Amino acid sequence: QVQLVESGGGLVQAGGSLSVSCAASGRTASGNSMGWFRQAPGKQREFVAAIRRGRPYYADSVEGRFTLSRDGAKNTANLQMDSLKPEDTAVYYCVLRNMVDNPNLYYIKSTDYAYWGLGTQVTVTS
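Everything in this summary refers to the structure shown in the same document. Computed from a predicted model, the values in this text were never measured in an experiment.

Attention now moves to the overall build of the chain. Across its full length, the chain holds zero helices and eleven strands. Over its C-alpha trace the chain gives a radius of gyration of 14 Å, about what one expects of a compact globule, namely 14 Å for 126 residues. Counting only C-alpha atoms, the chain reaches 40 × 30 × 25 Å along its principal axes. For the chain, the proportion of its 126 residues judged to be buried stands at 40%. Nonlocal contacts in the chain, meaning residues at least 24 apart in sequence, comprise 62% of its contacts between residues at least 6 apart. One finds the centroid of the 13 positive side-chain charges in the chain at a distance of 6 Å from the centroid of its 10 negative side-chain charges.

In structure tokens:
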């Protein structure tokens, strides 16, 4: 079975940096996108970033501040978060698709991903 395990996160002041990492185990495929969603209390789950065919793409709210990388052979992903803002505070979830990517599509909906980690907390103070 597929398992996603997040690590990292924590608490930082605004303007600081944190990273979150994800390790996937089980029967996975490097051709399937990995990414990150986040959810703040009382808020809808929100797309953050994903990587498709080695090329990351980002939500407008984090573009230029977050950097997503992946080791396809190991199915691991790292999200480096710089210039953090209080509004970045959320639980961050690692996600993995269970179907081969369509190169013409961007996967930004929760339903695009079958596998989810348990989440890790990121807190940014003012």
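Read from one edge to the other, the open sheet built from four strands follows the order S1-S3-S8-S7, with strand pairing classed as antiparallel. On the outer flanks of this sheet lie strand S1 (3-8) and strand S7 (66-71), each paired with one strand and no other. Neighbouring strand axes in the sheet, compared pairwise and without regard to direction, differ in orientation by 15° on average. Pairing geometry for strand S3 (residues 18-25) and strand S8 (residues 76-81), over six bridges, is antiparallel. The partner of Leu18 across the bridge, within S8, is Met81.

Quick look at unusual backbone geometry now. The backbone phi angle of Arg53 is positive, close to 50°, even though this residue is not glycine. Relative to the helices and strands, Arg53 resides in the loop between strand S5 (46-52) and strand S6 (55-58). The backbone of Ser83 sits at a positive phi, close to 50°, despite the residue not being glycine. Take Ser83: its relative accessible area is 41%, and that puts it in the partly exposed class.

Scanning all chains against the criterion turns up four salt bridges. Residue Arg38 is joined to Asp88 by a salt bridge in which the shortest nitrogen-to-oxygen separation is 2.9 Å. Highlighted residues: Arg38 in strand S4 (residues 34-39) and Asp88 in the loop between S8 and strand S9 (90-96), separated in sequence by 50 residues. Judged by relative accessible area, Asp88 falls into the buried class, the value being 1%. Among the ionic contacts, a cluster of salt bridges with common partners joins Arg38, Glu46, Arg65 and Asp88.

Taken as a whole and judged by the stated rule, the model has one disulfide. Disulfide pairing places Cys22 opposite Cys94 at an S-S distance of 2.0 Å. Disulfide Cys22-Cys94: the torsion about the S-S bond is -80°, which places it as left-handed. With a gap of 72 residues between them, Cys22 in strand S3 and Cys94 in strand S9 connect regions that are remote in the sequence.

Looking now at the side chain of Arg97. Here Arg97 shows up in the loop between S9 and strand S10 (115-116). Contacts of Arg97, omitting those with residues within four sequence positions, involve Asn32, Ser33, Tyr107, Asp112, Tyr113, Ala114 and Tyr115.

Bringing the side chain of Arg38 into the picture now. The class of Arg38 is buried, set by a relative accessible area of 5%. Within the structure, Arg38 has its side chain in polar contact with the side chain of Tyr92 (distance 2.9 Å). Once you skip the residues sitting within four places of it in the chain, Arg38 turns out to touch Gln44, Arg45, Glu46, Val48, Ser61, Val62, Phe66, Glu87, Asp88, Ala90, Val91 and Tyr92.

Cut-offs applied
- Residues numbered from 1 in each chain as written.
- Predicted model: local features only at pLDDT ≥ 70, side-chain atom pairs only at ≥ 80, totals over all residues.
- Heavy atoms only, no water.
- Helix = DSSP H or I, 4+ residues; strand = E, 2+ residues; numbered from the N terminus.
- Rg over C-alpha atoms; globule rule 2.2 N^0.38 Å.
- Buried < 20%, exposed > 50% of the residue type's maximum accessible area, 1.4 Å probe, protein only.
- Contact = heavy atoms within 4.5 Å.
- Lys, Arg positive; Asp, Glu negative; His and termini not counted.
- Charge placed at Lys NZ, Arg CZ, Asp CG, Glu CD.
- Pairing = 2+ DSSP bridges.
- Axes fitted to C-alpha atoms, helices over the stretch in contact; angles between N-to-C directions.
- Salt bridge = Lys/Arg side-chain N within 4 Å of Asp/Glu carboxyl O.
- Disulfide = S-S within 2.5 Å.
- Polar contact = N/O pair within 3.5 Å; in protein donor to acceptor, adjacent residues only side chain to side chain.

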